[in-house]
Amino acid sequence: MLTSSVLSVDTFYISFRREATMEFTGRGGHLLSKKRSSATRTTIHSLDHDILCVVFAFLDLFDLVRCSSVCKSWNAIINRSKLLQVLYYKQLQEATGDVSRHTFSGKSLKTYLEETAMGHHRISLQEGSIEIDQWKGHSFGVAQCRMKMGLVLTGVGDKVMRLWSSNSCKCLEEYSVAAMGRLIDFDFDESKIVGLAGTRLCIWRRNGKRYIFPSLEGTFAKGFCMRYIDPEAVVGCEDGTARVFDMYSRKCSQIIRLRSGPITCLSLSDNRFVISGSSIGSVKVADLSSNQPITSLRSIDSTGVRTLCFNPSSHLVYAGTSAGYTQCWDLRTMRSLWEYRVSPNVVYSIAHLHKDISSLVVGGIDGVLRVLNQNTGEVLSSCIMEGNTLSNTSKTLFEDRERRKGRRLPVDSHLDIIPRASRPPIICLAVGMKKVVTTHNDRYIRMWRFNK
């Protein structure tokens, strides 16, 4: 444990960097070098741990946290050298003027790092400059996207799902659904991809193996949407039922009748609640534990619910409607918190970053990417894409990437005078750390990067 009685955090941090740098450069200030064979390929893994510590010591807290998530090796080096703890104490000292009263604990550091990261994310979405990477991801009709763990999964129209790096926008893996009918919806985690194709559920292992649910258990009349939280996937069907499938037994474990009409969108909570929306404007909640609907969430807008999302950190449910409204309910009390018209047209997609309880990102038919306050529904920022291309960074098939600038709109902007090319309809979106990926039912994928 670091203690301020030995030396101040500033002194420790400066001396650590000085000593580490001297080890790297030599006491005379010259770079130490060794002759390497020209045949030997040097990678980041060739660097000694002490040299990596030198590099890491020059990073700020946010970048250091990101590096600690790259791989187990880097995480171990950063934790063993206590760089995060040093920076944590340093920032506490700057904020309070006295670090001696604070004792380090893993919990307090983790909480502080999460709050710092979410603060960076929130400010970047609301105020940061915007760059947009745009590339041709499919031959036609890319309408769905999911983003997590630095990866983006896209697909629908051309019966192919592609997995991309959210940083480089390079295609990493490809999964075909050509023999299984039309791809409707999908999700993924670190080991598998779950897809609703035609009237079947399918699982693609990241190692390339594919599993199709047995016909007697995995076939139903028509599925409109699907959500997945391991080990269960829930399909919203045309007949108003939600069908629950176990991913390991590959069997339908429950069928819950939620409404008389079709279920058009779904969201799942971590305590096994299923939240469903429909074209008749109602949102219903069911408990998988009791196999029964619990309640309907009331709304003044009856034009139809197009999208749903649930935030497990705040227990809030959000919905977007055909009339351009966004709505919020507290799942603990089942009461409406706010209802706000954010767009003159359909809201197709709503999402937020995992564990973020401040910002909500909304997209719809008018093509404007909006950032909302999760707690009030207030529109904090509205963004569109500029027409001019800044650079072309790739020329390969399905990766012809170009970079454009994004622009924030004034509050009193008239959308009718903004060219449609700058705001193609946003059919689906997903949120990552200081970035948003959007799809538009055309060939292109757009990655919005928000820089503080």
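Quick summary incoming for the structure in this document. Quantities reported herein were computed from a predicted structural model and do not represent experimental measurements.

## Quick word on the overall build of the protein chain
Then, number 1: The helix and strand tally for the protein chain stands at seven helices and 29 strands.
Then, number 2: Counting every position in the protein chain, which comprises 452 residues, the buried fraction comes to 50%.
Then, number 3: Considering only intrachain contacts with a sequence separation of at least 6, the fraction spanning at least 24 residues in the protein chain is 50%.
Then, number 4: When the accessible area of the protein chain is evaluated, it comes to approximately 21700 Å², of which 52% is carbon and sulfur surface.

## Observations regarding the pattern of salt bridges
Then, number 1: Tallied over the full model, the rule gives 19 salt bridges.
Then, number 2: D133 serves as the salt-bridge partner of R403, at 2.7 Å between the closest nitrogen and oxygen. With R403 in strand 26 (residues 402-408) and D133 in strand 1 (residues 129-136), this residue pair connects regions lying 270 residues apart in the sequence.
Then, number 3: On the basis of relative accessible area, D133 is assigned to the buried category, the value being 0%.
Then, number 4: Here R243 makes a salt bridge to D239, at a shortest N to O gap of 3.4 Å.

## Things to note about the side chain of R243
Then, number 1: As for its placement among the helices and strands, R243 is situated in strand 12 (residues 241-246).
Then, number 2: A polar atom in the side chain of R243 sits 3.4 Å from the side chain of D239.
Then, number 3: Of the polar contacts made by the side chain of R243, one reaches the side chain of T241; its length is 3.5 Å.

## Here we look at helix 4 (residues 72-81)
Then, number 1: Those residues of helix 4 not exposed but buried are W74, I77, I78 and S81. The buried residues of helix 4 occupy an angular sector of 95° when the element is viewed end-on, so they sit on one face. Of the exposed residues in helix 4, those oriented more than 90 degrees away from the buried face are K72 and R80.
Then, number 2: In the segment just after helix 4, K82 is the residue with positive phi, at about 60°.

## Concerning the sheet that holds strand 21 (residues 335-341)
Then, number 1: Across the sheet, four strands lie side by side as 18-19-20-21; this open sheet has antiparallel pairing. Each edge of the open sheet is held by one strand with a lone partner, namely strand 18 (305-311) and strand 21. Averaged over all neighbouring strand pairs, the angle between strand axes comes to 15°, with direction disregarded.
Then, number 2: In this structure, strand 19 (residues 316-321) lies alongside strand 20 (residues 325-330), joined through five bridges in antiparallel fashion. Looking across to strand 20, one finds that Y318 is bridged to C328.

## Regarding the packing of aromatic side chains
Then, number 1: Scanning all chains against the criterion turns up three aromatic pairs.
Then, number 2: When the ring of F56 is compared with that of W74, the centres are 5.3 Å apart and the planes differ by 70°; the resulting orientation is edge-to-face. Within this pair, whereas F56 is found in helix 2 (residues 49-57), its partner W74 is found in helix 4, the two being separated by 18 residues in sequence.
Then, number 3: By relative accessible area, W74 is classed as buried at 16%.
Then, number 4: Judged by centre distance (5.5 Å) and plane angle (65°), the rings of W135 and W164 are edge-to-face.

## A look at the pairing of strand 17 (residues 292-297)
Then, number 1: The sheet contact formed by strand 16 (residues 283-287) and strand 17 spans five bridges and is antiparallel. When the sheet's bridge partners are listed, D287 is paired in strand 17 with Q292.
Then, number 2: Counted along the chain from strand 16 to the antiparallel partner strand 17, the turn is four residues long, and its residue N291 has a positive phi close to 65°.

Definitions and cut-offs
Residues numbered from 1 in each chain as written. Predicted model: local features only at pLDDT ≥ 70, side-chain atom pairs only at ≥ 80, totals over all residues. Heavy atoms only, no water. Helix = DSSP H or I, 4+ residues; strand = E, 2+ residues; numbered from the N terminus. Buried < 20%, exposed > 50% of the residue type's maximum accessible area, 1.4 Å probe, protein only. Contact = heavy atoms within 4.5 Å. Areas by Shrake-Rupley, 256 points an atom, 1.4 Å probe, with all protein chains shown as cover. Salt bridge = Lys/Arg side-chain N within 4 Å of Asp/Glu carboxyl O. Polar contact = N/O pair within 3.5 Å; in protein donor to acceptor, adjacent residues only side chain to side chain. Arc of directions from axis to C-beta. Pairing = 2+ DSSP bridges. Axes fitted to C-alpha atoms, helices over the stretch in contact; angles between N-to-C directions. Phe/Tyr/Trp six-rings, centres within 6.5 Å; stacked < 30°, edge-to-face > 60°.

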